[in-house]
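Reading the structure
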Amino acid sequence: MIGGTDLPVLLPAAQRLAERVRREREVGAPIPRLQARHGAWIAVILVFSAGAAGAQAGAGQESVLSIMLKWTPLLFQGFIFNLAISFLAMAGGTVVGALLGVWQISLLPPVRAGSWLVTQFFRNAPWLVLLFFCMFLLPFQVRIFGVVIPLPDWIKATFGLALPVMANVSEIVRGAIQSIPSGQWESAESLAFNRRQTLWQIILPQCVKRMLPPWMNLYAILTMATVLASVVGVSEVMTLTGQVLSAEGGRTDLLIPFYSYILLWFFIYCYPIARLTVRLERHFAVKT
Amino acid sequence: MQDFFAWFQWLYDETGINLTYFYDSFDRARMIDGFFTTIRLSLVCLFFSTIIGIVGAWLQGSRLVWARRIVQGYIQFFRNTPPLVQMYFFFFALGSLLPRVKNDFGYMEPMLSNFTWAAISLSFFAGAFNVEIFRSGIEAVPESTREAAEALGYNRLQSYMYVVLPLAFRVCLPALNNNLVNLVKTTTLAYAIAVPELLYVSNQIWSDSVNVPEMMVTLLILYVALVGLLVWGMHRWERAIRVPGYGA
Amino acid sequence: MTATQAWTADQPIVRIADVYKSFGIVEVLKGVSLDVMKGEVICIIGPSGSGKSTLLRCVNALVPINKGSIQVEGQEVHDPKLDKLELRKKVGMVFQQYNLFPHKTALQNVMMAPVTVLKQDKAEVEARAYALLKKVRLEGKEPSYPGELSGGQQQRVAIARSLAMNPDVMLFDEVTAALDPETVKEVLVTIRDLAEEGMTCLLVTHEMGFARELADHMYFTDRGVIVEHGPPKEFFANPKDPRTKQFLGQIL
């Protein structure tokens, strides 16, 4: 190293650039610099609208920024609740969806047809309709082995969100399995592996990498879909926002700042996932 | 026809399965209106999101740094935030900024109706995905093909129209179809701002007649059928324009 | 047709009798008959599409046949009651595209089948795997992943992998066709060593020099039938059928 250092900041500019290009080439994509541009855009909207709202506020009214800060802990709790719903729905949907995906390539026609049907049905139904379906038609409590388990609204909503996740995971798994070259199946067969062994020891381990980017993409979509639960009455960040706005007297100048605020939170959570997904996609594509 | 509908009244009396939109003409009219509103909303959004997609893809190839950055910012914003919140933002937040106008009855109403805001919001949402799709389609056409067109004497516009775009379109089509299907499903979000599309109308019916399970099953079947039909039609189109040896 | 006939070494180890195979309406094999004695090296050559690879795949039941019979060590291969897995322990196959499992090291690739399928003791299998990799001249490459190996090295791991199952017959389907000329030699040397140790080998190949040197019997297929066959000396020096002459004239 020139100058006896490998800290990029201490290198002259040209070398810094070469370092960056070398790192980017390893990953196979330009490494995005998150902080600079993108969050700045939304922050700009936020500040601009807060400023505009502040200008509209009469004397004696609290400034918009202080109102937003006042309500932040409550709204943040709601946001965490959204994230919790997203984790649960993703976990449940992934497990069942993976099974469905494997069953879609089963050698038994009824299993294959049945899982295909279930997958197509839940893929083609709008998420909001499935949510309504679960909210209205699931009982408010179930009795399992004599134990009564109450099903509050948010559990029904989680179940309703897990259904489309299941269908999409099923498609992701099936697509990944079908993208493995047939030569792998052939050579496993000629080594006397039976179908179950071939699937679990040879095919599926290779699929995991391929499934990761679309699966993460699905998670980002699911996280954003958790706000649909507000439409069916679950108390999450959107319903809380609505309540906060009416608690503040229904001031129209608060609408933009508050909605931008919520948008910003979702952006901050989902954007890194999106970029990571793109990087992983390119990384795995380059390897194969 | 009346006998067909009357049979469902019998069905209700005998089995308790209450499909009001069959035997009740008012509910029937509502359902049909709701269905066509959904279709109208989907078509409007499809049209505008395609235009937004084309404009965005064109701007992304522009030499102006700021044009590229604006398009990139737009895409990232609309892809990484919930479409429902985007719709609330447009309808409540931006809608409150616009002036109110007097309608025919003499009341003050918002300048843009909720249908319009839903269309605007969903068009921008779908348009963000379309920009990426169109761009990747155009990039999939090899540089050598473009060079060959130019060497044959096509100018830039002609080479785009006759050579690049037909090929790019075939690459884009599967992703565009996927986007269209998602768009149709996403129109249900317009429920939240009281657009009388299919879900909203069904909600009204089941609130009136307390026949939730029947309406829910009807809704599911209708949407699955509509989307299924769309998917099938799109597949046929894809296969019809397929060029052997090109693309996947 | 009895499933198992007592097989002795004076009978052909692989007997292919009048086999027909169609894929849909396309007839790929139109009455092929072939006998292989234990320890023999058989080379099948012919233009592409003549059915050579399909024939090999029929021998280890990767592909079912429409008519005729294939027997390995007296067992009818296409008997519906036959346990295919038992057959594949006797017949090993090496493919043109190597088909190594990319998520396992070379050693694990070789060890996987005996441990999982034959349920043999892991330590024993590991020792055998090391010995096999040494035999194919890949000592030191045991912990490498297929992505880190050259084409020729991967193909040799594939050969070691099939040998780990202790087969009685080895099938080679154009195993050098996907390799650069420099690496072809290292694979051919490996196969020659195997043959000299007495392994029964059926090769589909384009390597005429190799075939001439090693084969006990040559077969020429064209459009689904065996046009001509004979010991390599006669076969290459005096091809009798005009199609054989034309094919040999094109490639030699």
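Refer to the structure printed above.
Remember, predicted model here, so these are calculated numbers, not experimental data. (Residues numbered from 1 in each chain as written. Chains lettered and ligands numbered in written order. Predicted model: local features only at pLDDT ≥ 70, side-chain atom pairs only at ≥ 80, totals over all residues. Heavy atoms only, no water.)

Here we come to the interface of chain A and chain C. Accessible area lost upon the coming together of the parts is a frequently used measure of interface size. Each partner contributes residues to the interface: chain A has 16 residues there, and chain C has 23 residues. Of all residues in chain A, Ser190(A), Leu191(A) and Ala192(A) give up the largest surface area on contact with chain C, accounting jointly for 34% of the area buried on that side. Seen at the junction of chain A and chain C, the total is 2 salt bridges. With a closest N to O distance of 2.7 Å, Glu186(A) and Arg57(C) form a salt bridge. In this structure, the connection of chain A to chain C is made through 8 residue pairs in polar contact (both at pLDDT 80 or more). Where the side of chain A that touches chain C is concerned, the elements lending two or more residues are helix H7 (182-190) and helix H8 (195-225) of chain A. Within the side of chain A that touches chain C, the residues separate by chemical class into 6 nonpolar, 8 polar and 2 charged. (Contact = heavy atoms within 4.5 Å. Buried area = accessible area lost by both parts, 1.4 Å probe. Salt bridge = Lys/Arg side-chain N within 4 Å of Asp/Glu carboxyl O. Polar contact = N/O pair within 3.5 Å; in protein donor to acceptor, adjacent residues only side chain to side chain. Helix = DSSP H or I, 4+ residues; strand = E, 2+ residues; numbered from the N terminus. Nonpolar A, V, L, I, M, F, W, Y, C, P; charged D, E, K, R; others polar.)

What follows covers the interface of chain A and chain B. Facing the 35 residues of chain A at the interface are 38 residues of chain B. Counting the surface lost from both chain A and chain B, the interface buries some 3,400 Å², and carbon and sulfur atoms represent 82% of this. Linking chain A with chain B are 0 salt bridges, by the criterion used here. The tally of links between chain A and chain B comes to 1 residue pair in polar contact (both at pLDDT 80 or more). Elements that contribute at least two residues to the side of chain A that touches chain B include exactly helix H2 (34-56), helix H4 (109-124), helix H5 (127-137) and helix H10 (255-287) of chain A. Along the lines of polarity and charge, the residues of the side of chain A that touches chain B split into 27 nonpolar, 5 polar and 3 charged.

Residue and element names in this part refer to chain C. Taken across its 5 residues, strand S7 (residues 169-173) has 5 buried, putting it largely inside the fold. Alternating positions in S7 separate into two faces, Val169, Leu171 and Asp173 on one and Met170 and Phe172 on the other, with burial throughout. As defined by bridge partners, strand S6 (residues 91-94) adjoins S7 across 4 bridges and the pair is classed as parallel. The residue bridging Val91 from the neighbouring strand is Val169, located in S7. As paired strands, S7 and strand S8 (residues 200-204) are joined by 5 bridges and run parallel to one another. Looking across to S8, one finds that Asp173 is bridged to Val204. Tracing the backbone out of S7, into helix H6 (residues 181-196) and back to the parallel element S8 gives a crossover that is right-handed. (Buried < 20%, exposed > 50% of the residue type's maximum accessible area, 1.4 Å probe, protein only. Pairing = 2+ DSSP bridges. Right-handed = clockwise from strand over helix to strand, strands pointing away.)

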